Amino acid sequence: MPLKSCLPFDTVYLVGGTHGNERTGVSLVQHWGQSPSEIQRETFATHLLLSNPQAIEKNIRFIDRDLNRSFLPRLLEDRRNIDYEVGRAREIVKTFSAEHPGKRTFAIDLHTTTARMGTTLITNTVPANLAIAAQVRQKMAEVRIYSFDASDRINSCLRAAADGGIGVEIGPIPQGVVRHDTLAIARQVVRQILDAIDAHNRKTLALPDEETAVYLHDRHVFYPQQPSSAAPVFVHQALQGQDYHPLSAGHPIFQNLDGRIWPYEGPSPRYPVFINEAAYYRENIAFSLTRRITLASLLSI
Ligand SMILES: [Zn+2]
């Protein structure tokens, strides 16, 4: 494992409101602004960031475009683009890099989902990020790790602007809502991530259990193409809420009110996530599929 040789992180950003209607992160960042001792550690400086202030103000996901799809360099360098979120992305990149020259930054981006995903840590496949996520899972057995290979999708999210990063997804919770239980879980997860980064910096992070399960992103599944006059199609009752449960060929995934059923066709097993996520309706995405692999197999790729 090459993890011990990874450089320390000097600065950690705790980010809320990248999606302005995901209020858990917003509330926690506001709380820590008043009571920061809980998020301070000796080996790094912790900064707070409300990343999309106008969307937070309106309690909506975004103003012009999804901020968490706005960090690709070619988009940031296109000066003709005056979307609010692209402007915010430019400022955040500057904050993460230009204001911390020579320092290594880590972003913890706090999200919620309407899907029944429990507590999920989202990372790319960089070993330091995976090791920190695996450490959190050792402390909180209910945590799952959802990882993405490098792609425009993963490189366009806010975390990509920092040297290291983890996205926190907790659900189900409706959009625009603050709830005590989701707040408590998110608070506990953030404490564990900060402790793991602190251990990483001190080179005392335990080597991760190589058998740790990682759900590697495979693909999105879209709602079936239908004529506009056809009856609406929705997620099948047998799939609803079954995030991270194995899905095999033939299992029903969609239905309509006439009783028609659409079965899953494709490689098996796959593990669905973000089932019936409200934010993805506008992209026609019904859920995403992952492959369940071990941490060891991911690190040896
Ligand atoms: Zn989000």
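It should be noted that the structure appears before, not after, this text.
Residues numbered from 1 in each chain as written. Predicted model: local features only at pLDDT ≥ 70, side-chain atom pairs only at ≥ 80, totals over all residues. Heavy atoms only, no water.

1. Here's the deal with unusual backbone geometry
Looking along the chain, the bond that leaves glycine 171 and enters proline 172 is cis, with omega of 15°. Counting through the fold element by element, proline 172 comes out in the loop between strand 6 (164-171) and helix 7 (180-201). Residue proline 269 is bonded to the preceding serine 268 through a cis peptide linkage, with omega at -10°. Its place among the elements puts proline 269 in the loop between strand 10 (261-263) and strand 11 (271-273). Located in the positive-phi region is tyrosine 244, a residue other than glycine, with phi close to 70°. For tyrosine 244, the position within the fold is in the loop between strand 8 (233-235) and strand 9 (252-256). Its relative accessible area of 5% is what places tyrosine 244 among the buried residues. (Helix = DSSP H or I, 4+ residues; strand = E, 2+ residues; numbered from the N terminus. Buried < 20%, exposed > 50% of the residue type's maximum accessible area, 1.4 Å probe, protein only.)

2. A short note on the coordination of the zinc ion
Protein coordination of the zinc ion is provided by His19 (ND1), Glu22 (OE), Glu22 (OE) and His111 (ND1), with donor distances spanning 2.0 to 2.5 Å. Geometry at the zinc ion is irregular, judged from the 4 donor atoms that bind it and their angles of 56 to 148° at the metal. Spacing between the donor residues of the zinc ion along their common chain follows H-x2-E-x88-H. Here the residue glutamate 22 occupies a position in the loop between strand 1 (11-16) and helix 1 (23-34), and histidine 111 occupies one in strand 3 (residues 105-112), the gap between them amounting to 89 residues. (Donors = N, O, S within 2.8 Å, 3.2 Å for Na, K, Ca; no water. Tetrahedral: all angles 85-135°; square planar, octahedral: opposite > 155°, others 65-115°.)

3. Quick word on the pattern of salt bridges
Tallied over the full model, the rule gives 15 salt bridges. As a salt-bridge pair, arginine 41 and aspartate 195 come within 2.7 Å of each other at their nearest N and O atoms. Taken as a pair, arginine 41 in the loop between helix 1 and strand 2 (45-50) and aspartate 195 in helix 7 lie far apart in primary sequence, 154 residues in all. Owing to a relative accessible area of 17%, arginine 41 belongs among the buried residues under this scheme. Of the residues examined, aspartate 195 reaches a relative accessible area of 37% and is grouped as partly exposed. Notably, a salt bridge pairs arginine 202 with glutamate 42, separated by 3.5 Å at the nearest N-O pair. With a gap of 160 residues between them, arginine 202 in the loop between helix 7 and strand 7 (213-222) and glutamate 42 in the loop between helix 1 and strand 2 connect regions that are remote in the sequence. Overall, arginine 202 belongs to the partly exposed group, its relative accessible area being 43%. Linked through salt bridges whose partners overlap, the residues forming this network are Glu22, Arg61, Asp66, Arg69, Arg282 and Glu283. (Salt bridge = Lys/Arg side-chain N within 4 Å of Asp/Glu carboxyl O.)

4. Re helix 5 (residues 127-139)
Spanning 13 residues, helix 5 covers 19 Å between terminal C-alpha atoms, matching the ideal 18 Å at 1.5 Å per step. Within the sequence span of helix 5, burial applies to Ala128, Asn129, Leu130, Ala131, Ile132, Ala133, Ala134, Gln135 and Val136. Of the surrounding secondary structure, the elements contacted by the buried residues of helix 5 are strand 3, strand 4 (118-123), strand 5 (143-147), strand 6, helix 7 and helix 8 (295-299). (Expected span 1.5 Å × (residues − 1). Contact = heavy atoms within 4.5 Å.)

5. Here we look at the packing of helix 1 against helix 7
Two numbers describe how helix 1 lies on helix 7: the axes approach to 10 Å, and their chain directions differ by 65°. With respect to the hand of their crossing, helix 1 and helix 7 are arranged in right-handed fashion. Along its contact with helix 1, which presents Thr24, Ser27, Leu28, His31 and Trp32, the element helix 7 presents Thr182, Leu183, Ala186, Arg187 and Val190. Of the residues in the contact of helix 1 with helix 7, the class split is 5 nonpolar, 4 polar and 1 charged. (Axes fitted to C-alpha atoms, helices over the stretch in contact; angles between N-to-C directions. Left-handed = near helix turned anticlockwise from the far one by under 90°. Nonpolar A, V, L, I, M, F, W, Y, C, P; charged D, E, K, R; others polar.)

6. Some thoughts on the packing of helix 5 against helix 7
Between helix 5 and helix 7, the least distance of the axes is 9 Å, while the angle of their chain directions is 125°. Overall, the two elements helix 5 and helix 7 adopt an arrangement that is oblique. For the element pair helix 5 and helix 7, the recorded crossing hand is right-handed. Here helix 5 contributes Ala128, Ile132, Gln135, Val136 and Lys139 to the contact with helix 7, which in turn contributes Gln192, Ile193, Ala196, Ile197 and His200. Its residues placed into classes, the contact of helix 5 with helix 7 shows 6 nonpolar, 3 polar and 1 charged. (Parallel < 35°, antiparallel > 145°, perpendicular 65-115°, else oblique.)

7. Structural notes on the packing of aromatic side chains
Under the criterion given, the structure shown has 10 aromatic pairs. Both rings, one in tyrosine 223 and one in phenylalanine 254, keep their centres 5.5 Å apart while their planes meet at 40°; by these two values the pair is tilted. Separated by 31 residues along the polypeptide, tyrosine 223 in the loop between strand 7 and strand 8 and phenylalanine 254 in strand 9 bring together distant segments of the chain. The same class applies to tyrosine 223 and to phenylalanine 254, which are both buried. Ring plane angle 65° and centroid distance 5.4 Å describe the contact between phenylalanine 274 and tyrosine 280, whose orientation is recorded as edge-to-face. Taken together through their ring pairs, the aromatic side chains of Tyr146, Phe148, Phe274 and Tyr280 make up a single cluster. (Phe/Tyr/Trp six-rings, centres within 6.5 Å; stacked < 30°, edge-to-face > 60°.)

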